[in-house]
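Listed below are the residues making up each chain.
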Amino acid sequence: MKKNLLTEDWTVVLLGFIIIGVALLGVKIPSPSFGWETTVDLSEKVLTAGNLIKLGQLFVFTFVIALLAASVLGKSVASTAKGFPIVFVLTSLALVLAGNAFLKNWNLEAVIFSLTIGLVLSNFFTLPAWLTESLSTELFVKIGLILLGTSVIFGDILKAGSLGLIQALVVVISVWYFAFWVSKKMGIDEEFAIMISSAVSICGVSAAIATSGAIKGDSKKLSYVISIVLITAIPMIIFLPFIAQALGLSQAVTGAWLGGTIDTTGAVIASGTMVGEEALKISTIVKFSQNVLLGFAAFAISIYWTVTNNQSATVQEAKPTGAIIWERFPKFVLGFIAASLLFSFVISSETLDSVKGGFKALQGLWFALAFTSIGLETKFSDLFSKEGKKPLYAFLIAQLFNVFVTLAVAYVLFS
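Keep in mind the model is a prediction, meaning the values are calculated, not measured.

What counts and how
- Residues numbered from 1 in each chain as written.
- Predicted model: local features only at pLDDT ≥ 70, side-chain atom pairs only at ≥ 80, totals over all residues.
- Heavy atoms only, no water.
- Helix = DSSP H or I, 4+ residues; strand = E, 2+ residues; numbered from the N terminus.
- Buried < 20%, exposed > 50% of the residue type's maximum accessible area, 1.4 Å probe, protein only.
- Contact = heavy atoms within 4.5 Å.
- Core = buried A, V, L, I, M, F, W, Y, C linked by side-chain atoms within 4.5 Å.
- Axes fitted to C-alpha atoms, helices over the stretch in contact; angles between N-to-C directions.
- Parallel < 35°, antiparallel > 145°, perpendicular 65-115°, else oblique.
- Left-handed = near helix turned anticlockwise from the far one by under 90°.
- Nonpolar A, V, L, I, M, F, W, Y, C, P; charged D, E, K, R; others polar.
- Patch = residues over 30% accessible without salt bridge, like charges linked within 9 Å, V, L, I, M, F, W, Y side chains within 5 Å.
- Areas by Shrake-Rupley, 256 points an atom, 1.4 Å probe, with all protein chains shown as cover.
- Salt bridge = Lys/Arg side-chain N within 4 Å of Asp/Glu carboxyl O.

Engineer: Could you clarify how one ought to interpret the side chain of S197 in this entry?
Structural biologist: One can find S197 in helix α10 (residues 190-203). For S197, a relative accessible area of 0% corresponds to the buried category. Each residue touching S197, except ones within four places of it in the same chain, is listed here: W176, A179 and F180.

What follows is the structure, encoded as structure tokens:
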């Protein structure tokens, strides 16, 4: 077997910054449109020749990255060359489905469609070995996370002001530890517990993905957590604004409550819009503050996991040294933080505005590619039966705690 030129984490950092560098040099990343409401919209906005050309350009761009990664990592380039186009087509179908206005209003994100498509194919059809061999789930997730770092801007903390930052810190820390404590009390393994805690306390899908990458988590557990996050967000979008109205909360308090409890940014915006302009503004800013904390949380979780979960037989009985910690530390987290620092303090706001749309689209695509891959290598029994219902109960208990704690903090700070 061909020796790897670089570890996967360093390969991800290299490829992530190649993508960033190409965009900063003026090469526009194609951003095809997937939004549609009616079949007429679908044919006139999504399935047009111009839009399909953009999608083709995006395929070429990501295909080259995937082939380069396979070559550097010593994987089969031939399998990747055959398998990646199939994964891309399936993922594109998921993106089109997620672009439907009705489904978007229900906060059904592309990752849930890409996961579902992959699961249906893997559970009802026999897939060729070369296809499953070509799947690079962790690679796709980590490239997406490097690009996510470009949108985690530290200036967003300043926009939120001191109140938004105080709320974000109190909520994230208290809810994370409560969720972790509940999960452990229910006998859930530490890996699963950390994913649940990050998802419910920080920013849902992105936090779960970042945490899973930081601890080299089981992709099946990650899929379970993300499914819970997305399904739970739907009733919260609808009912929290009505509960706020019944309680007579001001728009400011309501916005802070929504931003601190609902787990995905899209769902926060949808719910805030139902209340009013001030609620929408404050909910978005509070959610931005929590999103910015994702980088710090991923770094802290990486250190914790590296120190406490070493499986190497040669050092299990010894105290982890600096060298051991560095060897096991997930290096892609450094790429995430470096991208965030670069776009927070070095890149001008004008340049940021010109490239952020392309980065966001590309980040979403890599995540969707990863979840198509997870679906293609997963059986339904693995996804939903492995741990029973305990993770669901732990998540719901933690989310209920989140709702009450955040309401109390929002009322004290914003009323």
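Now that the structure has been shown, we can carry on.
Engineer: I'm lost on the nonpolar core in this one. Help?
Structural biologist: Soluble globular proteins tend to bury their nonpolar side chains together. Core analysis: the largest hydrophobic core is formed by 98 residues, its most contacted members being I19, I209, I226, F359, W366 and F371. Broken down by element, this core gets its largest block of residues, 13 residues, from helix α18 (residues 349-376). Core analysis: the next-biggest nonpolar cluster, separate from the first, contains 20 residues, A233, M236, I237 and A267 among them.

Engineer: I keep staring at the packing of helix α8 (residues 137-149) against helix α11 (residues 205-214) and nothing clicks. Help me out?
Structural biologist: Two quantities define a packed helix pair, namely the angle between the axes and the distance from one axis to the other. At a minimum axis separation of 10 Å, α8 and α11 run at an interaxial angle of 120°. On the basis of their axis angle, the class for α8 and α11 is oblique. The way α8 lies across α11 gives a crossing that is left-handed. Note on element contacts: α11 touches α8 through S206, I209, A210 and G213, opposite V141, K142, L145 and L148. Here the residues of the contact of α8 with α11 are counted per class, giving 5 nonpolar, 2 polar and 1 charged.

Engineer: Whenever I open this one, a nonpolar patch on the surface confuses me. Can you help?
Structural biologist: Among the surface-exposed residues, L6, W10, L14, I18, L68 and W326 lie close enough to one another that they form a single nonpolar patch of about 520 Å² accessible area. If one sorts the elements of the nonpolar patch by residue count, helix α1 (residues 8-24) sits on top with 3 residues. Looking at the secondary structure, you find W10 in helix α1. Overall, the relative accessible area of 35% leaves W10 in the partly exposed class.

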